[in-house]
Amino acid sequence: MSRVLIVGSAGTHSAEGRANVSRLINAVRREAHGLDVADGYVDQQSPALAEVVRTTAGPRAIVPLLLTRDPLPLRAMVAAARLDPSVSVTAPIGPDWVLAEIGVQRLMEAGARPEDTIVLAADAVTDEAALEDVSKAARLLSAVWGGRVHVGTLGGLDADLGDAIDVARAYGKRVVVSSYVLTSGSAHDQMQLSGADVVTSPLVPPGAPDQRLVGLVLARARSRSGWITADDGEHRAAHG
């Protein structure tokens, strides 16, 4: 019986975002030698993740297509895994060096210059574990970019993106927002309206998915390092 990789996504209302994620999952499917690949969604799209678990069999790994340990979708993914003891949840795809490398590529594509002030922008953060992940993502981006990276979020525990951009302007340089979002949607729309001089494309823009990201998803599925058990996942989601 083949092992099954279930790509778990939070889901989005954005038609462009849906298309971009679909292309990524199809690219993973093409490269997933020895693995059957299915996709399931927590909200806003179908099939529902729990339904995918119910209609598949054998050893299955849910890979969260999440950039942080976001408690709401992670809790839903762990709950889906609880439906069958053969299902495990891996660590989310982010933060990771691969995403930092792609983030720097997006900066270069947007015309960012070494003298610019860079602000990594993430969606709202309401959980300490997710906040740690955003901070780590900024450190990784800084290491690859070779310069300081500030952090701003769309709400929650960290500095508000608008406030972070205001502080960044004190350096007297252009402010460039590095969009730490997977694809198009309301979060990226808000970043584009943040008042920055330049806003990068999401990590998964239109077009062919970056093969490094495809490899990252597959690496999560094939490595048990950092996997989340059902009990641990419930604890993180409730107390993270």
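So, here's what we can say about the structure. Given the structure is predicted, the values throughout are model-derived calculations rather than measurements.

Residue position: Lys 173 is located in the loop between α6 (161-168) and β7 (175-179). Residue classification places Lys 173 among the partly exposed residues on the basis of a relative accessible area of 43%. Separated by 57 residues in sequence, Lys 173 and Asp 116 have C-alpha atoms that sit 5.5 Å apart. Once you skip the residues sitting within four places of it in the chain, Lys 173 turns out to touch Glu 115, Asp 116, Thr 117 and Asp 197.

Here we take up the layout of surface pockets. Space inside the largest pocket adds up to approximately 920 Å³. If you trace the largest pocket, you find 37 residues lining it, with Ala 10, Gly 11, Asp 70, Asp 123 and Ala 187 closest to the centre. Contributions of two or more residues to the lining of the largest pocket are made by α3 (71-81), α5 (128-145) and α7 (186-192). Of the residues that constitute the lining of the largest pocket, the class distribution is 19 nonpolar, 14 polar and 4 charged.

Okay, the environment of Asp 210 next. Within the secondary structure layout, Asp 210 lies in the loop between β8 (198-199) and α8 (211-222). Residues Asp 210 and Ala 27, spaced 183 residues apart in sequence, show a C-alpha to C-alpha distance of 9.2 Å. Looking at Asp 210, its side chain comes within polar contact range of the side chain of Arg 212, at 2.7 Å.

A word on the pairing of strand β5 (residues 117-122). Counting buried positions along β5 gives 6 out of 6 residues, so the element sits mostly inside the fold. Side chains of β5 alternate between two faces, with Thr 117, Val 119 and Ala 121 and Ile 118, Leu 120 and Ala 122 buried alike. As defined by bridge partners, β5 adjoins β7 across 5 bridges and the pair is classed as parallel. Paired with Ala 121 across the two strands is Ser 179, which belongs to β7. Of the pairings in the sheet, the one linking β5 to strand β6 (residues 149-153) comprises 5 bridges and is parallel in character. Following the sheet pairing, Leu 120 is matched in β6 by Val 151. With α5 bridging β5 and its parallel neighbour β6, the resulting β-α-β unit is right-handed.

Turning next to unusual backbone geometry. Omega for the peptide link from Ser 46 to Pro 47 comes to 10°, which places this bond in the cis form. Note that Pro 47 resides in the loop between β2 (35-41) and α2 (49-54). Of note, the amide linkage connecting Gly 94 to Pro 95 takes the cis form, showing an omega dihedral of 0°. Tracing the backbone shows Pro 95 in the loop between β4 (87-89) and α4 (97-109). Positioned with a positive phi, Gln 44 is a non-glycine residue whose angle comes to about 70°. On the basis of relative accessible area, Gln 44 is assigned to the partly exposed category, the value being 31%.

So, about empty space enclosed by the protein. Over the atoms rolls a probe the size of a water molecule, and in doing so it shows where empty space is left. Applying the stated criterion across every chain, the model contains 2 cavities of 30 Å³ or more. One number sums up the size of the largest cavity: a volume of about 90 Å³. Considering the residues around the largest cavity, the lining is formed by 13 residues, among which Leu 99, Gly 103, Leu 120, Leu 141 and Tyr 180 are closest to the centre. Contributing elements (two or more residues each) for the lining of the largest cavity: α4, α5 and β7. A total of 4 residues in the lining of the largest cavity trace back to one element, the largest contributor, which is α4. Split into classes, the residues belonging to the lining of the largest cavity amount to 7 nonpolar, 4 polar and 2 charged.

About the criteria used
Residues numbered from 1 in each chain as written. Predicted model: local features only at pLDDT ≥ 70, side-chain atom pairs only at ≥ 80, totals over all residues. Heavy atoms only, no water. Helix = DSSP H or I, 4+ residues; strand = E, 2+ residues; numbered from the N terminus. Buried < 20%, exposed > 50% of the residue type's maximum accessible area, 1.4 Å probe, protein only. Contact = heavy atoms within 4.5 Å. 1 Å grid on protein atoms, 1.4 Å probe; cavity = no way out; pocket = protein on both sides within 12 Å on 5 of 7 lines; lining within 4 Å. Points joined across faces, edges and corners; volume = space filled by probe spheres on them. Nonpolar A, V, L, I, M, F, W, Y, C, P; charged D, E, K, R; others polar. Polar contact = N/O pair within 3.5 Å; in protein donor to acceptor, adjacent residues only side chain to side chain. Pairing = 2+ DSSP bridges. Right-handed = clockwise from strand over helix to strand, strands pointing away.

What is shown is where atoms sit, not what they do.
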